[in-house]
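# A look at the structure
Next come the chains, spelled out residue by residue.
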Amino acid sequence: MMDKHYDYLIVGAGIYGATFAYMAHRQGKRCLVIDKRNHLGGNIYCENIEGINVHKYGAHIFHTSNKKVWDFVNSIVEFNRYTNSPIANYKGKQYNLPFNMNTFYQMWGVLTPAEAQAKIEEQRQEALARMRADGATEPRNLEEQAQVLIGKDIYEILIKGYTEKQWGRKCSELPAFIIKRLPVRFIYDNNYFNDRFQGIPMGGYNKLIDGLLEGVETKLNSDFFDDRKHWESIADKILYTGKLDEFYDYRFGKLEFRTVRFEEEILDLPNYQGNAVMNFTDAEIPYTRIIEHKHFEMFGDDVYKCPKTIISREYSTEWKEGMEPYYSVNDERNMSLYQQYRDLAEQEPNLILGGRLAEYKYYDMAPIVEKVMGLFE
């Protein structure tokens, strides 16, 4: 028997793999982290262009109410005060998100919470009446679900077009469970998250990843599947963060994903849209949002100290082979298929699965850190 060199082979250098490596390394375990890309960090990787940290795989905002998680990431790199306050643009008119008193004033000119509540309730009742007239007692799709929650105006202006672009399907064809609830606030508050803590690492996410992987052996441009036998032979256990169907050579069929295409542009002006995140909610504009990266780390007049700005337009599309898988499509077919792969994985005591691809679910960053911390406690 060939002598094993490592306690853990960690496949994937994203937030899950890097946090796991950090924890295991601190316990004296020998770890090797491999990634098929030419950089560490997975989808939270940033590239510094024109003095701006560009989120190469889409905007990532760290937010949590767990003080232990917040203190942990801040012990690796200090986080700034960024607060996510996206704006929705519908046919040139702008609305604050999430839905709050600013949005209701922009939508209807209402000034008090009672007026806003009355307007929403009136439209909710109209939606319920339409459903009942059609013989339905429960919302049958996302369109009905949204209107029962928030009414017709907000649905048509701020939800419909954006959601249909994001999923590539009509809202009337999407399952109702996608939006079980919508955050509605009858106060003037544009902070998207309810969490106690939120921010961006000062100097970008690479500082977080580099800090987590300090002292850990890493190999880039190394695809696990190119030499699987070799990789499996050099460690006692494998932490795998890639696609689970690929791990089992798609034996039951392929899981479906949505993906995002980015169109990046360097602009010769210091401030393009005045905000990091602008959603485009009408169907006529092909992209879902524009990210202006400098606003994640530059605030107030500091924005103008950097003479250029970088924007990314995001286009949501169906995933095909060779594309980066982003969002799992958690419908009945895919969840049943995933469970078949999961059952196989559970028969392998030396295999650990972690992250959005291996677990086929959407994850924010903080719950990943929290989960990995829990594994080592």
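Quick note: structure is the one above.
Residues numbered from 1 in each chain as written. Predicted model: local features only at pLDDT ≥ 70, side-chain atom pairs only at ≥ 80, totals over all residues. Heavy atoms only, no water.

## Examining helix 4 (residues 113-133)
Compared with the 30 Å implied by 1.5 Å per residue over 21 residues, the 30 Å span of helix 4 between its first and last C-alpha is a close match. Of all the residues in helix 4, the buried ones are Ala-116, Ile-120, Gln-123, Ala-127, Leu-128 and Met-131. Around the axis of helix 4, the buried residues are gathered within 145° of arc, so they sit on the same side. Of the exposed residues in helix 4, those oriented more than 90 degrees away from the buried face are Ala-114, Arg-132 and Ala-133. A positive phi of about 85° marks Gly-135, the residue just after helix 4. (Helix = DSSP H or I, 4+ residues; strand = E, 2+ residues; numbered from the N terminus. Expected span 1.5 Å × (residues − 1). Buried < 20%, exposed > 50% of the residue type's maximum accessible area, 1.4 Å probe, protein only. Arc of directions from axis to C-beta.)

## Regarding the side chain of Lys-243
Topologically, Lys-243 is positioned in the loop between strand 10 (235-240) and helix 9 (244-247). Asp-245 provides the closest opposite charge to the buried, salt-bridge-free Lys-243, at an N-O distance of 4.1 Å. A distance of 3.1 Å separates the side chain of Lys-243 from the side chain of Tyr-250, its partner in a polar contact. Lys-243 has contacts with Tyr-250, Phe-257, Trp-319, Pro-325 and Leu-357, leaving out every residue within four places of it along the chain. (Lys, Arg positive; Asp, Glu negative; His and termini not counted. Salt bridge = Lys/Arg side-chain N within 4 Å of Asp/Glu carboxyl O. Polar contact = N/O pair within 3.5 Å; in protein donor to acceptor, adjacent residues only side chain to side chain. Contact = heavy atoms within 4.5 Å.)

## Considerations on the pattern of salt bridges
Applying the stated criterion to the full structure yields 25 salt bridges. Close ionic contact of Arg-140 with Asp-134 constitutes a salt bridge, the shortest N to O distance being 2.8 Å. With a closest N to O distance of 3.9 Å, Glu-263 and Arg-261 form a salt bridge. What emerges from the salt-bridge pattern is a single network uniting Arg-261, Glu-263, Glu-265 and Arg-313.

## Let's talk about the packing of helix 3 (residues 101-108) against helix 4
Following both chains from N to C, one finds helix 3 and helix 4 inclined at 65°, their axes separated by 10 Å at the closest point. As summarised for this structure, helix 3 and helix 4 are arranged roughly perpendicular, according to the angle between their axes. Here helix 3 runs over helix 4; the crossing is left-handed. Mapping the contact onto sequence places Met-101, Phe-104 and Trp-108 in helix 3 and Pro-113, Ala-116, Lys-119, Ile-120 and Gln-123 in helix 4. Residue classes in the contact of helix 3 with helix 4 are distributed as six nonpolar, one polar and one charged. (Axes fitted to C-alpha atoms, helices over the stretch in contact; angles between N-to-C directions. Parallel < 35°, antiparallel > 145°, perpendicular 65-115°, else oblique. Left-handed = near helix turned anticlockwise from the far one by under 90°. Nonpolar A, V, L, I, M, F, W, Y, C, P; charged D, E, K, R; others polar.)

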